[in-house]
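# Fold and geometry: a report
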Amino acid sequence: MKRSILFAFGLACLALSWFDDSSRAETAVPSMPGMVGILVDAALELSEADDPLVRARICQRLADRMSREVQDSAKKGEVKRATSYGQYLELVLVEGVGETLRQAHQEVPANSPQSAEVELLSQQASSVAGSAEKSLETSAAQDQPAMKEAVLKIQEAKKETENRSQGKGKMPGWMKKGKKK
Amino acid sequence: MKCADCRQRLLLAENPSDADPECAGHLSLCAACKAWHGQLLTIERHVPLLPVPASKGDDQLKRLFLLPLEPAPAPAPTRPIRRVRKYFMAALALGVLIATGLILGDWAVRRMSPATKMNDVLVQQPVKPVALEEDHELVLKVLDCNLELAQTKNPRTRVEILGKLADVLSGASASLVKAGKPTELRAVAELYGKVIRDGILGRAKVLEDGRETLLEAAQKLELHASASTALAKTVGAELAEPMRQIALASREGARGLRDLSKEGAE
């Protein structure tokens, strides 16, 4: 009889442990950050950085991350992901790296170590854009119109970033509005 | 006001029949939203009337455990093997019964949880489910805040942009509740807390002569707190906990901002 009760108890414990496992799997600690988490962390860093060169470095890091995502998705032939990250890369390059380098270009004295860093960051931005562009052009899905458009946009972004880092290019309207505040 | 904003506000409202003036204005102009609002009110009215079968699972389980053990009958001199087999079969049946009860009980609890019920209702609503990693619009909105922050060093503008970022995350949390995604929701709640504590409050401390900005930001956070608290009441524990976390962070943030604005005024 004792053995039978133990057997029943064991079976019940087994069922309980199964529940415990299943609920634990669902409530596992999320493996964030992911892209939103990365962007939020970068936003907090940007909100503390007064030096445009520091902000340019943060944006350059983001551009590098976006470019790696473009390369990975292009390699896997994931058109939608590649074009989405291509769009983020374009924005980060022009409005992030390019714009902060333009500010830095205006603030730092010529021939100073800071002006050399402006040049270096500009070259890095071109290289990051070039890697993304190349991966899209050699992707298995390269013939898709969305991929071709993404390549063109990254090429344009590369040019615009170079211009802005040399103090050229137009400031976007929304930014002028923000500056008035 | 955009249709999506109006609909989101109505979904977050404690009483959707009492739309705020901005929403009411939009509803009077937009026939699609007006029809959608009518549908929402119908659902709101019907949710409490949904038949929910009473569960007897708990009582049955308790009864099984609380049953006094019957004294074992005196062993009969004949056929002992058959008796042992009888006890074994009874124990096996009891074990299977307990295991089945637990499985069915858990299934019933999940099935009848408010979150599931709410999701069932919202399946018919035009709510776009959010997959945090893949949500293009969410990434674009957060990225937009980053780019604005990259281009300014004005402390007041920074507090305003961080407030916008908190808005974006608060909106994402509401979408995740509707999509029933507790894992992503917990992650967003954590990020939201970070933006309030390390971002808004951190930047507000170095803000000079920004009383108005601080009070505006505090008001926004108070709105987030009440919306999150209200939403937490309508869902199951798994989704409610991160929403309460967001409400707490919002309240703490609003209190901190009000204190800072007082300090500035003195």
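The rules behind the values
- Residues numbered from 1 in each chain as written.
- Chains lettered and ligands numbered in written order.
- Predicted model: local features only at pLDDT ≥ 70, side-chain atom pairs only at ≥ 80, totals over all residues.
- Helix = DSSP H or I, 4+ residues; strand = E, 2+ residues; numbered from the N terminus.
- Buried ≥ 20, exposed ≤ 12 C-beta atoms within 10 Å, placed from the backbone.
- Contact = placed C-beta atoms within 7 Å.
- Axes fitted to C-alpha atoms, helices over the stretch in contact; angles between N-to-C directions.
- Parallel < 35°, antiparallel > 145°, perpendicular 65-115°, else oblique.
- Left-handed = near helix turned anticlockwise from the far one by under 90°.
- Expected span 1.5 Å × (residues − 1).
- Core = buried A, V, L, I, M, F, W, Y, C linked by C-beta atoms within 7 Å.
- Nonpolar A, V, L, I, M, F, W, Y, C, P; charged D, E, K, R; others polar.
- pLDDT = per-residue confidence, 0-100.

On a plain count of helices and strands, chain B comes out with 11 helices and zero strands. Taken over 266 residues, chain B has a buried fraction of 36%. Restricting the contact set of chain B to residue pairs at least 6 apart, pairs at least 24 apart contribute 72%.

A separate point is the overall build of chain A. Helix and strand counts for chain A stand at seven helices and zero strands. Taken from N to C terminus, the helices and strands of chain A fall in the order α-α-α-α-α-α-α. Burial status across chain A gives 40% buried among its 181 residues. Put simply, of all contacts in chain A between residues at least 6 apart along the chain, 71% involve residues at least 24 apart.

On to the packing of helix α3 (residues 52-76) of chain A against helix α5 (residues 113-137) of chain A. Residue and element names in this part refer to chain A. Their axes nearest at 8 Å, the elements α3 and α5 cross at an angle of 15 degrees. What the angle tells us is that α3 and α5 run roughly parallel. The handedness of the crossing between α3 and α5 is left-handed. Residues Leu53, Ala56, Arg57, Gln60, Ala63, Asp64, Ser67, Val70, Gln71, Ala74 and Lys75 of α3 touch α5, and the partners they reach there are Gln114, Glu117, Leu121, Gln124, Ala125, Val128, Ser131, Ala132, Ser135 and Leu136.

This part covers helix α8 (residues 155-179) of chain B. All names here are of chain B. Across its 25 residues, α8 extends 36 Å between first and last C-alpha, which sits within 8% of the 36 Å expected from 1.5 Å per residue. Within α8, 20 of the 25 residues are buried, which leaves it mostly tucked inside the rest of the structure. Positive phi appears at Gly180, one or two residues downstream of α8, with a value of about 65 degrees.

Right, let's talk about the environment of Lys2 of chain B for a bit. Residues and elements named next belong to chain B. If you trace the backbone, Lys2 turns up in the segment before α1 (3-12). By C-beta crowding, Lys2 is classed as exposed, having 10 other C-beta atoms within 10 Å. Between the alpha carbons of Lys2 and His26 there is a distance of 8.1 Å; along the sequence they are 24 residues apart.

Right, let's get into the nonpolar core. Soluble globular proteins tend to pack their nonpolar side chains together in the buried interior. Core analysis: the largest hydrophobic core is formed by 90 residues, its most contacted members being Ala63, Leu89 and Val92 of chain A together with Val142, Leu165, Tyr192 and Val195 of chain B. Among the elements that take part in this core, helix α4 (residues 79-107) of chain A stands out by supplying 12 residues, more than any other. Leaving out residues up to four positions away in the same chain, Val92 of chain A has contacts with Cys59, Leu62, Ala63, Met66 and Val97 of chain A. Judged by nonpolar contacts, the second largest core, of five residues, contains Cys6, Leu10, Cys33 and Leu40 of chain B.

Moving on: α5 of chain A. Residue and element names in this part refer to chain A. End to end, α5 covers 36 Å across 25 residues, agreeing with the expected 36 Å (1.5 Å per residue, within 8%). Regarding α5, the residues found buried are Val118, Leu121, Ser122, Ala125, Val128, Ala129, Ala132, Glu133, Ser135 and Leu136. Of the surrounding elements, those touching the buried residues of α5 are α3, α4 and α6 (145-165).

A separate point is unusual backbone geometry. Glycine aside, the phi torsion of most residues is negative, and most peptide linkages are trans. All names here are of chain A. For Asn111, which is not a glycine, the phi torsion comes out positive at approximately 60 degrees. Along the chain, Asn111 turns up in the loop between α4 and α5. Accessibility expressed as a C-beta count within 10 Å gives 8 for Asn111, which makes it exposed.

Here the focus is the packing of α4 of chain A against helix α7 (residues 136-150) of chain B. With their axes 10 Å apart at the nearest point, α4 of chain A and α7 of chain B run at an angle of 5 degrees to one another. When the interaxial angle is binned, α4 of chain A and α7 of chain B end up roughly parallel. Two secondary-structure elements touch here, α4 of chain A through Ser84, Tyr88, Leu91, Glu95, Gly96, Glu99 and Thr100 of chain A and α7 of chain B through His136, Val139, Leu143, Leu147 and Ala150 of chain B. For the contact of α4 of chain A with α7 of chain B, a count of residues per class yields six nonpolar, four polar and two charged.

This paragraph deals with the confidence of the model for chain A. Close inspection of predicted coordinates is inappropriate for parts of the model with low pLDDT. All names here are of chain A. On average, residues of chain A score 82 in pLDDT, and 75% of them reach the 70 mark or higher. Looking across chain A, the model is least confident in helix α7 (residues 173-180), with a mean pLDDT of 45, and most confident in α3, with 95. Note on residues 19-33: pLDDT is under 50 here. Beyond four places in sequence and across chains, it has 12 contacts. Counting interchain partners and residues more than four positions distant, the pLDDT-below-50 stretch residues 174-181 has nine contacts.

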